[in-house]
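# Geometric and topological summary
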Amino acid sequence: MKYKELKRKYAEICSSLSARRLKPAFDLIGKLISGNGLGIYYDEYRNLEETYQYMLKYTVEGIVDPERQKVYRKLIVSVFELADKINEALLLRFSPSVEYDKKRFFRTRAIDHLVDYLSESKETSSAKAPKEYQQKMRRLFYHIWFSDKLTAEEAEPLSKFSLDPDVPVPYKSFMVTALTLSLQRFFDPEKFNLLFTTYDSIETEINQRALVGLLINLYKYDARLPFYPDITGRLKILNENPGFKRNLERIIIQFIRSRETEKLQQRIRDEIIPEMIKISPNLKNKINLDSLMEEGLSEDKNPAWEEIFKDRPGLLNKMEEFSELQMKGSDVFLGSFAMLKSFPFFSEMDNWFMPFFPENPEIADTLDVNDQTNLRLMEAINRAPILCNSDKYSFCLSIQRIPKDNLEFMKQAMDAEMDQLKELEEDEVLLDPGRRAEVSSNQYIQDLYRFYKLFPRKGDFEDIFNWQFDFHNKLALGDILKEDLAVLRNIGEYYFAKNHFEEAAEIFGYLLEQEKNGELYQKIAWCHQKTGDFERALDGYLKAELYDTNQLWNLKKIALCYRNLKKPDKALEYYQAAGKTDPDSLSNHLNIGHCLLELDRFDEALKCYFKVEYLAPGNKKVWRPIAWCSFLTGKKGQAEKYFLKLIEDQPNRHDYMNMGHVQWSLGNRKSALEYYQRSILKEGSPAGETTQRANPVRESSAEGFAKGEAPEAGDSEKGSRKERFTEAGQPKEGFLEAEFLEVFEEDLPHLLDQGINSDDIPIMLDQLRYFLEE
């Protein structure tokens, strides 16, 4: 059986059981047993199905049984467990993944008596025999990972192990990850209980790993949890602790933030690195590196550093932005350390999850830990809150490749940086007692992210960072989040700030059911607007109109929605209302002009455009609507004047076509054909510019015009070809002949209105085709 087919069938069984459709589940289980020679599970399967059939029979016959629902739930749990065992047996037989390769190998090295093993490990001191002790911890890690069901005899000593003060904290944290991975692989209530127990640890690193592991598995098994009241009961008890709620909110936001990592890396590659490359040839001279190496780092900043970004102030702003994101927990170092995961250290899966500690024998084997420079550097790395554990190991392993002089310089730089970060962190801890927990959980989530994204055989694992992490939609955690509207609002606001509009709208929608609020109506409307649902956006803005919340902004958004819904008359009404409050707004004047243009009130539209040109004579974007309206109102000379200005500046394909219309209406047919030809043959637009069909009647274009900015993404109106001006006045690539003819066909009524003889049109178009063949 192929792995993908097995995965699909197992998911279908679990889905059927969660929905209480036992008959389809039994049918699939029966086929898996008979089709794969799993007779060992046949008796259990037949007993469960017969029990269910008897229960169905008694129910149909009307026999009253007060224990029926209890038996029913227990039966569903038993079928789940049977499906788990069958799925695991088939994976062990057929799966080509590294996880099951490792499990098949580890079966010959499994720990038979866990209590004795833990006792022996304790006798092997991590201080006296660190290598031997670490090997025992590695074996324990894999034992936990590849255990399907933990017995009570195993769970109790593991619980004591997690609380044992003699066991180094890094190794206890290490086992929490093993428990998390084991639970992800094979469902077991006992593993959930151990994670709950471990969360009670006083060690921040341990309890934060436990909570991250709980959230991952609560999310994964959400549909199954209603049948396990012991698990949901412990979650409710935990929720009574205010500290748990703070941790829950923070870690959920950290998971959501992880969805931004790839975009962040792309921005660094596209915006920071190219600019740094440009300034790098002069960087050494500008900051006098040789002098720095001789004198060390002083307390005062080198004044020459301020000159580095003199010619590129935008780069400095971006670097400051990324620095701020870094301090807030964003993963800005993924790209930098991705190439440092090729060390042999990372070929072993467990090392991706090992907490960083300088005493790790793997580091001692690689570096001379007796060297004071190396020792101080590792201590500085260990204190770094901005590096996750995995990157700290990468850093240490790469030290051996750095010349000693450079290493000393790096050590001084890191000492200074780490001292500042330590002071900052201590200040933050005083202001926010949960800061240490925040750093610990964030580092751990980044460790997990590196494993699922950078591990050489990452494709063998289900990437949890492809999950939506919409905890608010889940049964167990959703109920808990909805009990505290402040926490839910914070999560919704984070979604909103990061442009995850669908999730933000879901949360804001629930909050509005609890309490009506003008700001929330506006925000949910904005979310719908950004996802292109202008009907629902309009509904939200209209409801927000009943509240005294930024009325002017709201009026403009209502108008925008009406325009996108092809109701320019209603849009005009609201833009005019906005104009009474803000009579000097150029964007509003321009939008009023666009609405009048859509309503075929060309003379009035032209007056609006001329008013805008008068108030902002240096802005060229208004030339196109003036030129087009001039043509539509028969002011052909005026239209020619403005189209000529556009062609002499930065023309686009529409400008050439429109100029062709003007020349034809003036009787200059040869000139018209030349402009039509140039419209078709116009070379492509500059790299990076939009190729979306032009449309001037957008509020965003108007706002961008008033502010001198590019239009706002997501507000474009699809439809009205009548408005053919380019977005933000940028040139576009030339038409294909078919596109030209399509647009030309739409313009025919205007050509006829301006005196073009309809009998001449096919002749002119055929002549254009001949021109194009030359």
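Structural notes, computed from the coordinates. (Residues numbered from 1 in each chain as written. Predicted model: local features only at pLDDT ≥ 70, side-chain atom pairs only at ≥ 80, totals over all residues. Heavy atoms only, no water.)

## Focus: the packing of aromatic side chains
Defined as follows: Centres within 6.5 Å make a pair out of two Phe, Tyr or Trp rings, where for Trp the six-membered ring is used; the pair is then stacked when the planes are under 30 degrees apart, edge-to-face when over 60, and tilted otherwise. Labels follow the DSSP assignment, with helices taken as runs of H or I lasting at least four residues and strands as runs of E lasting at least two, numbered in each case from the N terminus. Partly exposed residues are those whose accessible area sits between 20% and 50% of the maximum for their type, while under 20% is buried and over 50% is exposed, using a 1.4 Å probe and protein chains only.
Considering all chains together, one arrives at 59 aromatic pairs under this definition. When the ring of Trp628 is compared with that of Phe631, the centres are 5.7 Å apart and the planes differ by 35 degrees; the resulting orientation is tilted. Taken together, the positions of Trp628 and Phe631, both in helix H33 (residues 623-632) and three residues apart, correspond to about one turn of that helix. Relative accessible area serves as the criterion here: at 0%, Trp628 is assigned to the buried category. Its relative accessible area of 0% is what places Phe631 among the buried residues.

## Let's talk about the packing of helix H8 (residues 152-163) against helix H9 (residues 169-185)
Rules: Whenever a helix is involved, its axis is fitted only over the stretch in contact; in every case the axis is a line through C-alpha atoms, and angles between N-to-C directions fall within 0 to 180 degrees. Roughly parallel here means an angle under 35 degrees, roughly antiparallel means over 145, roughly perpendicular means 65 to 115, and every remaining angle is called oblique. Contact definition: two residues touch when any of their heavy atoms are within 4.5 Å. Side-chain classes follow a simple rule in which Ala, Val, Leu, Ile, Met, Phe, Trp, Tyr, Cys and Pro form the nonpolar group, Asp, Glu, Lys and Arg form the charged group, and the remainder, Gly included, forms the polar group.
It is at 9 Å that the axes of H8 and H9 come closest, and there the two elements cross at 140 degrees. In terms of axis orientation, H8 runs oblique to H9. Contact with H8, carried on its side by Phe161, Ser162 and Leu163, involves Tyr171, Lys172 and Met175 of H9 and no other residues of that element. Per-class residue counts for the contact of H8 with H9 are four nonpolar, one polar and one charged.

## Focus on the pattern of salt bridges
Rules: A pairing counts as a salt bridge when a side-chain nitrogen of Lys or Arg comes within 4 Å of a carboxyl oxygen of Asp or Glu.
Counting across every chain of the model gives 42 salt bridges. Between Glu5 and Lys9 there is a salt bridge, and its shortest N-O distance comes to 3.2 Å. Separated by four residues within a single helix, Glu5 and Lys9 lie in helix H1 (residues 3-18), roughly one turn from each other. With relative accessibility at 31%, the residue Glu5 sits in the partly exposed group. The class of Lys9 is buried, set by a relative accessible area of 18%. Between Lys635 and Asp603 there is a salt bridge, and its shortest N-O distance comes to 3.5 Å. Here Lys635, found in the loop between H33 and helix H34 (636-648), pairs with Asp603, found in helix H32 (residues 602-615); they are 32 residues apart in sequence, far enough to count as distant. On the basis of relative accessible area, Lys635 is assigned to the partly exposed category, the value being 33%.

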